[in-house]
Amino acid sequence: MAVHQGVHQQLAITYRAVGDIDKSISHLQTSLQIFEEVGSQANIAMALLELAKSNLHTNRASNEAIQNYLLRAGKICQELQLPQVQEIQQLQLNLT
């Protein structure tokens, strides 16, 4: 299962880089679901962060939804002392 988790997240980042945001979001949602099923908190945080970034490229998600992704990711990153806390805080500032 670990391979599938990583593959979905990498595909999502690649799709976002080439401008296919719909596929990016789809793979991130799948990745998030798998990470939640296995309880991988660090990977949940990364999937949420990537969902926020991908949704920033569209008008489909509200700022509130993006902020929710960032809040959830930020909380996990702080608890686990992950370095992405600063990136999350910067994205939150950009939304206000």
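Reference entry: report on the structure contained in this document. Predicted, not measured: the structure shown is a model, and the values here were computed from it. (Residues numbered from 1 in each chain as written. Predicted model: local features only at pLDDT ≥ 70, side-chain atom pairs only at ≥ 80, totals over all residues. Heavy atoms only, no water.)

### Remarks on the environment of N94
Moving on, step 1. Looking at the element boundaries, N94 is found in helix 5 (residues 85-95).
Moving on, step 2. On the basis of relative accessible area, N94 is assigned to the exposed category, the value being 53%.
Moving on, step 3. In this structure, the C-alpha to C-alpha distance between N94 and A61, residues 33 residues apart in sequence, is 15 Å. (Helix = DSSP H or I, 4+ residues; strand = E, 2+ residues; numbered from the N terminus. Buried < 20%, exposed > 50% of the residue type's maximum accessible area, 1.4 Å probe, protein only.)

### Details of the nonpolar core
Moving on, step 1. Ranked by size, the top nonpolar core spans 25 residues in total, and within it L48 and L70 carry the most contacts.
Moving on, step 2. Among the secondary structure elements, those contributing two or more residues to this core are helix 2 (21-38), helix 3 (41-56), helix 4 (63-80) and helix 5.
Moving on, step 3. Sorting elements by how many residues they give to this core places helix 3 first, with eight residues. (Core = buried A, V, L, I, M, F, W, Y, C linked by side-chain atoms within 4.5 Å.)

### Describing helix 5
Moving on, step 1. Considered for burial, the residues of helix 5 that qualify are V85, I88, L91, Q92 and L95. All buried residues of helix 5 fall inside an arc of 130° around its axis, so they share one side. In this structure, helix 5 carries Q86, L93 and N94 as exposed residues pointing more than 90 degrees from its buried face.
Moving on, step 2. On its buried side, helix 5 packs onto helix 3 and helix 4. (Arc of directions from axis to C-beta. Contact = heavy atoms within 4.5 Å.)

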